[in-house]
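Observations on the model geometry
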Amino acid sequence: MAKREEEEQTCGYGYDDHYGGTSTTTGAHNSTDLLGDQYDWNTEYTGIRRRHLDDRSTSPEAKERQSNELIALEERFVARALETAVLLVEQQFLPENLRTIRRVSVGGVAGGDKYIVGGIFFKFAVDTCGIYRRNTPASTSTPEAQPPPTTVQSTPNSASNTLPSDYDPTAAPNKVAGHEGKGLQALANAALATGLFPILGWPLMIIVDYLGHRVVASTILPIGHDTLVVGSSDGGHTNLCIGGKTQLAVELIGKWLYLKRHTITNGKTQTKLYTPFDFEAHQKGSEIYCVDFARLAPPYDKSNPLTHLFRFEFLKAYRVPLCCDTFINGLLPPSEKLECEMETKAARECLLNSRIPMLTNNLDQLWNEQPDIPAPFLIFFVHSFGVNLHFLPLIWDLSHNSQLRNLLLTEIVARALRKCIYASIHLGENPKDAVTSTMEGLLSGTEGVWATIFSKVKSIFMMPVVSSTASSVLPSGPESFFDVLSSSREHIAAPSMRRALFLLNTKPIQPKDSPALCLAFCGEVHPGNPPNWDSIELCPRVQQLFLLSFQQAANYKLAADKLLKGKKRFDLLLQAAEKYMECICLNTQNRFALHNFSRILRILYSSGDCTELGLSRNATLLMARELSSLSGLTHNVDLYRWRDLIPLHALPSHTTTDPHTQPVFHFTDERPSFVDMNAGPLFFL
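What comes next concerns the included structure. (Residues numbered from 1 in each chain as written. Predicted model: local features only at pLDDT ≥ 70, side-chain atom pairs only at ≥ 80, totals over all residues. Heavy atoms only, no water.)

1. A closer look at the side chain of His-213
Note the threshold: Going along the chain from the N terminus, every DSSP run of H or I of four or more residues is numbered as a helix, and every run of E of two or more is numbered as a strand. Burial classes follow relative accessibility: with a 1.4 Å probe on protein chains only, a residue under 20% of its type's maximum area counts as buried, one over 50% as exposed, and anything between as partly exposed. Here, two residues are considered to be in contact whenever any of their heavy atoms come within 4.5 Å of each other.
Tracing the backbone shows His-213 in strand β7 (residues 213–219). Judged by relative accessible area, His-213 falls into the buried class, the value being 4%. If we ignore the near neighbours within four places in the chain, the residues touching His-213 are Val-89, Gln-92, Phe-124, Thr-170, Asn-174, Val-208 and His-426.

2. A short note on the pairing of strand β12 (residues 280–284)
Note the cut-off: Should DSSP find at least two bridges between two strands, the strands are regarded as paired.
Relative to β12, strand β8 (residues 228–231) is paired through 2 bridges, and the arrangement is antiparallel. Note that in β12 the partner of Val-230 across the bridge is Ala-281. Here β12 pairs with strand β13 (residues 287–291) via 5 bridges, running antiparallel. Paired with Ala-281 across the bridge in β13 is Cys-290.

3. Comments concerning the sheet that holds β12
One open sheet accounts for 5 strands, arranged β5-β13-β12-β8-β9; its pairing is mixed. Unpaired on one side and paired on the other, β5 (200–201) and β9 (240–241) mark the two borders of the sheet.

4. Here's the deal with unusual backbone geometry
Residue Leu-211 is not a glycine yet carries a positive backbone phi of 55°. Residue placement: Leu-211 occurs in the loop between β6 (205–210) and β7. Even without a glycine there, the phi angle at Asn-505 is positive, about 60°. In this structure, Asn-505 sits in the loop between α16 (489–503) and β14 (506–507).

5. Brief notes about the packing of aromatic side chains
Which entries qualify depends on this criterion: The pairing test for Phe, Tyr and Trp rings, Trp by its six-membered ring, is centres within 6.5 Å, and the orientation test on the planes gives stacked under 30 degrees, edge-to-face over 60, and tilted for anything in between. Note on criteria: charge over ring means Lys NZ or Arg CZ within 6 Å of the ring centre, with the direction from the centre no more than 35 degrees off the ring normal.
The final tally for this structure, using the stated rule, is 15 aromatic pairs. For the pair Phe-481 and Phe-482, a centre-to-centre distance of 5.2 Å together with 85° between the ring planes defines the contact as edge-to-face. Through a chain of ring-to-ring contacts, three or more aromatic side chains come together here, namely Tyr-300, Phe-310, Phe-314, Tyr-318 and Phe-391. The ring of Phe-197 is capped by Arg-49, whose NZ or CZ atom sits 4.5 Å from the centre of that ring.

6. Concerning the environment of Leu-389
By the secondary structure assignment, Leu-389 is in the loop between α10 (375–384) and α11 (392–398). Along the chain, Leu-389 and Ile-460 lie 71 residues apart, while their C-alpha atoms are 9.2 Å from each other.

Keep in mind that these numbers describe shape and distance, not what the molecule does.
The structure is reproduced here in C-alpha cells:
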C-alpha cells in the first residue's frame, strides 16, 4: 500500500514519461508488436500545419489541396484509433494474458489504463485504483498529482465501504477524459484568438465513446523531462516556469481564458502560474507543445474538484479570473488559498443566482416565439451561456414555458436512460438486451425501470433546493421536480426514448448518419408500436478538434456551391450543416462556424424543406437569426480553410496591455478588420 501511495504522489498524467522516454509493458508482449509498427503521426501533422501556415496561395485549387491533405491525415488517424479503442473496450473484461493489447506503464493513474498502439497513445478512462472513490477531506487533492508527502493522504480504498448503491465507477473517469478534450478545444480557440496558433502545438487527439466507456487517443509528441518549460510532471514536487516565448505564450493563454495567476509552493520554492500546475508546456527546438488539459478550467465544487468544472463560456462572461488549483491540498499558500476559495464561491453563486436565471429567461423568450426547437439546439444554447448540463433541473425549475419544461424533462430522462443502459452493460448484460429491456420497461411504465431512472437523475443532476433566503431563485425543491416527472411519465416516455437512442448512437434506428442533428428514428413510437429492437446496434461516437469539423463542413459547402440546384446540392448542404453543428457544439465560441452555419440554414429555409434537420421552416429561420447574432459578423464572409481563422500577427510582447480589452484578431483583407472579444458569444445579450 505504501508503494502505491508513493507512485501516486510522484506521477503526472503520463505524457512526459512515454513521449520523451521509454515505457514498460505490464503484459508479456508490447501492444505495438501485435497491432502494427510505430508511426510518427506528429511529424506528418506538424509538417502539414507548417506547410499550410507558410503557403500564401489563394487559388481555389491550392485551398482545396491544403484542406484535403489535413482531412486525409485526420481520417487515417481516426480509423486507426477507432479500431483500437473499440478493441480495448470489448476486451476489457478478458484476463490480461488473453488480451490482444497489453497495458504499458508510463506513470499516472487518474487518466486510466495506458496503451501505445501504432504510434498512438491511448488512455482508457477507468478507475482501476479506486482513486475517485475517496470521500475524506484529503480526496480534494488530485490523485494524479499529489502534494508533497508531508500532507496526510487517504488510501485508495479507504472509502470503498461507504459507496452508495448506485455508484457509477465510470462516471468520474469519463468526465475527466471529457475535460481533457474540452481543455484542448479551449486552448485551440485561445490560440486562434490571441494569434498564438502558428507557434503553439498539441497532439492530434480524438475521444471515442463506446458502450459507456471513453478512450482518449492522441499522437505521441517528442517531449520529455528535459523539454519541460512550464508546469510540473512529478505531482508538484518540481514546478517550472522558465522565461522565454513559451512562458509568455502560456501566460497570454491563461489571461485570455480568465485564469488567475497563483502561487504554487512545494515547501522550498514558489512558482507563479496561470494554468494548473499539471498543465505542461514543452519546447523542442522551435516547436512549443502543450499537454494535459483536463484541469484547465477552474473547479466549482470542492467535493468534486476533478469533475465539476466551470465552462469557459462562463469564465468569459464572468470576467473575474479564477484559480485552477483552488481545491488542491498543500499547493497554495494558506492566505492565497482562502482568497481563491472565496472567489470560486462567489463565482458559483453568480452562476446559480444570476447566470442560470438569465439563461432561463432567454430560453423562455425563444421558446415562446418558436416552441418546436429540437434538443440539440437547446444543449447548444445552454453551453453557449456557460452553463453545464448538470444544472438542467434548475433551468426546468425556473422556466415558465410548458414546451421548454417538457423538453428539459425529456432531455433529463434521456440522459438518465443512457446511464441505466450503460450500467446494465457494465454488469455483463448484452448491449442489445440492455437497450431492449430498459426501453420496453420505460414504454410500459415498469416501476423498477422508472425507479432506476429517478436514481440516476439524482446522481447526475443538481436538484432544485428549498431555501429561506430572499436571494434564492431555486424555490421548488426536489419533491416538486420528481412529482412532476412522475406525473409526466406517460407523455415523455416516447420522446425520451427517441432522444436516448440518439445519445446512445444507435444504428440503424436513426434514418441516416447525422451525428449532430438527427434526433431519432421516423414515426411515432408507443407501447403498441415498438421499434425493431433486433436491428439495434450501439456504435462508437468520435469527438475531434473543432477545426477539423470546420474544415469538413467548409468542404461540403464548397462542393455544394459548384452545383446550382438538385438533390445532390441539397444533400451536400445538409452534410455541411451537420458538420457545422458538430463544430459549434465542440466550440460554441467559433464565430465563423456560427456565421457559416447561419448562412446554410437560410439557404435551406429558402429551399422550403428543412425537415431533414429536424426543424420546421419557422424554427430554421429563427435559428439562422440567433446564430448570426451570436457570430457577431454582419456581412457575408467566406472562410473555407482552417488557416483563414488564424490571425497573422507575431507573438505579443510581455509588455502588451490586458488582452481582454484589446482587439486580438488581425485579419487579412478577406476578413473583417476587427472583432471585439468582449462582444460574446452570449445569445440574446
